[in-house]
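What follows is each chain in one-letter form.
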Amino acid sequence: MGRGYIVEDTVERYLSKLCEQAGPVTGLLIGQSSAQRDFVVMAIRTPQSEESTAGNSVDKELVSEHARQVSRMLPGGLSVLGVFIITDTDVKDTLTTLRQLVFAVENLISSERLWNPADDEVTDSVMLHVNTKTRKTVCRTFDVKDPKSTAKPADWKYQSGVCSSWATVSCCLNVNLLVPLPHDKTSAENMAECLKEGLKVWAHQIESGVCLIDGKKLPEDSELIAGQRRNVRQMFTAQLLITSKDQRLPDVVQLCGGSVSVRGAIHSRAFLHSNKPKAKLAEKLLKRDVVSTVASRVQMLLEEENQSGDKQQTEQLCLPRRVFCPVKVNGPVCVCDYQFSDEGLAEVIDRLKEMLDIDAAEEDLDTRQEMTAEVTESSDTAGVCLESLCEPAVELAEASEPKKNNYIGVAMATAVALLATAASMLYLSDA
């Protein structure tokens, strides 16, 4: 027998409801991998476009793009584990399609990652086939790092309260990085590539940082949770210690057409399964979330501005704030979304429904960690103000009060289109 999958029983009820819909239904499986088994906490149907509802074929590009956007909405510890399909055809008739889906999803998601997988990383992705007539479920896995991988059988078991006792590790980190933009690479595409390379250097610095959990540097193999206490929420506060030397990009002299400065405080959160998680795992998942949340916001800003028609030589831009929403199962696990300053919570609720099929109300959203930006003007440098709290000593269950003003701003100047800059600054906050 291959890998085992422990699945939240709400997923079974969700898939049963989807069996009542017409045509093939595709979607994503969300959870956390471990060396011994995987934990599935959510299943999310892929939003249907007009083209996809017209026939019975599976739109691989639509599923892959959905997976890319969903992966941005997953905090540390949660990832896209694979795909599912609900159809009245036999599994042997859809195996090729499912294999293509698994690899397409992995290729697109991995293209946005700024961290390299560890040598002992799980590389199996799951595909689940549900027959609408017989309700029979077939589970297979593919090794996505092996292009010639064939389907392997896997064990799929439903269980209640899968993540009821998962641990939560959170931290706040001051970010201060400067990315130079070569003078001959001033298009929006080239700027995005320069930013990605600069963020990769920063991601390596984060990876090399020292992680303290509840003020202590724990041995890598020490268990984060003593015993398995079900239905008990365990929260830990972490600190990432990055020296000022590590925060700077290498000192080099180059002809520069501009620069992008990212400064500020970010809130990061990771969830860990209760099957004897190690301190090493907590550190890895938290650091990856730190990198992912910054990279996602920068990428979203570039996409947002690239679609805007009115480009100016000087731009004042604001990165979105992070908003959390609990998953509708017993336990502490949350997903997140990013709210731009000109959006209300209604837009966040709509995206949670469209992308994650979550029915949320405003009172369900955790908006306490980062607060909405306010535009302010000064005589020397125009800026965008974002009030944001990252209080390391505050537990997630408690409300947090703003302690300082944080700034997000962009000052840009060249004769070319958007983001071709002579000098640009994205401020998350003032340190």
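Presented here is a report on the structure given in the accompanying data block. It should be emphasised that the depicted structure is a prediction, and the values quoted were computed from it without experimental measurement. (Residues numbered from 1 in each chain as written. Predicted model: local features only at pLDDT ≥ 70, side-chain atom pairs only at ≥ 80, totals over all residues. Heavy atoms only, no water.)

A short note on helix α3 (residues 60–72)
Relative to the 18 Å expected for 13 residues at 1.5 Å per residue, α3 spans 19 Å between its end C-alpha atoms, a close match to the ideal helical length. Three or more residues of α3 are buried, namely V63, S64, H66, A67, R68, V70 and R72. Of the residues flanking the start of α3, the one acting as N-cap is D59, its side-chain oxygen 3.2 Å from the backbone nitrogen of E61. (Helix = DSSP H or I, 4+ residues; strand = E, 2+ residues; numbered from the N terminus. Expected span 1.5 Å × (residues − 1). Buried < 20%, exposed > 50% of the residue type's maximum accessible area, 1.4 Å probe, protein only. Polar contact = N/O pair within 3.5 Å; in protein donor to acceptor, adjacent residues only side chain to side chain.)

Overview of a negative patch on the surface
Judged by side-chain charge, E304, D342, E347, D350 and E354 come together as a negatively charged surface patch. At 3 residues, helix α8 (residues 345–356) tops the list of elements feeding residues into the negative patch. Mapped onto the fold, E354 is located in helix α8. Since its relative accessible area comes to 43%, E354 is described here as partly exposed. (Patch = residues over 30% accessible without salt bridge, like charges linked within 9 Å, V, L, I, M, F, W, Y side chains within 5 Å. Areas by Shrake-Rupley, 256 points an atom, 1.4 Å probe, with all protein chains shown as cover. Salt bridge = Lys/Arg side-chain N within 4 Å of Asp/Glu carboxyl O. Lys, Arg positive; Asp, Glu negative; His and termini not counted. Charge placed at Lys NZ, Arg CZ, Asp CG, Glu CD.)

Focus on the side chain of R269
Tracing the chain through its elements places R269 in strand β12 (residues 256–272). What makes R269 buried here is its relative accessible area of 3%. Within the local environment of R269, its side chain forms a polar contact with the side chain of D366, the two groups lying 3.2 Å apart.

Notes on the environment of G77
Within the element layout of this structure, G77 appears in the loop between α3 and β4 (79–87). Residue classification places G77 among the buried positions, given a relative accessible area of 9%. Along the chain, G77 and Q32 lie 45 residues apart, while their C-alpha atoms are 5.9 Å from each other.

A few points about the nonpolar core
One finds I30, V83, V335, L352, L356 and L365 to be the most contacted residues of the largest nonpolar core, which totals 54 residues. Apart from the residues lying within four places of it in its own chain, the contact partners of V335 are M42, M73, L74, P75, V323, F324, C325, V327, L352, L356 and I358. Among the nonpolar cores identified, the runner-up in size contains 39 residues, and I206, I225, A270 and V294 belong to it. (Core = buried A, V, L, I, M, F, W, Y, C linked by side-chain atoms within 4.5 Å. Contact = heavy atoms within 4.5 Å.)

Focus: unusual backbone geometry
Although it is not a glycine, R135 adopts a positive phi angle of roughly 60°. Despite not being glycine, D214 shows a phi value in the positive range, around 55°. With respect to the helices, strands and loops of the structure, D214 is situated in the loop between β10 (210–213) and β11 (234–241).

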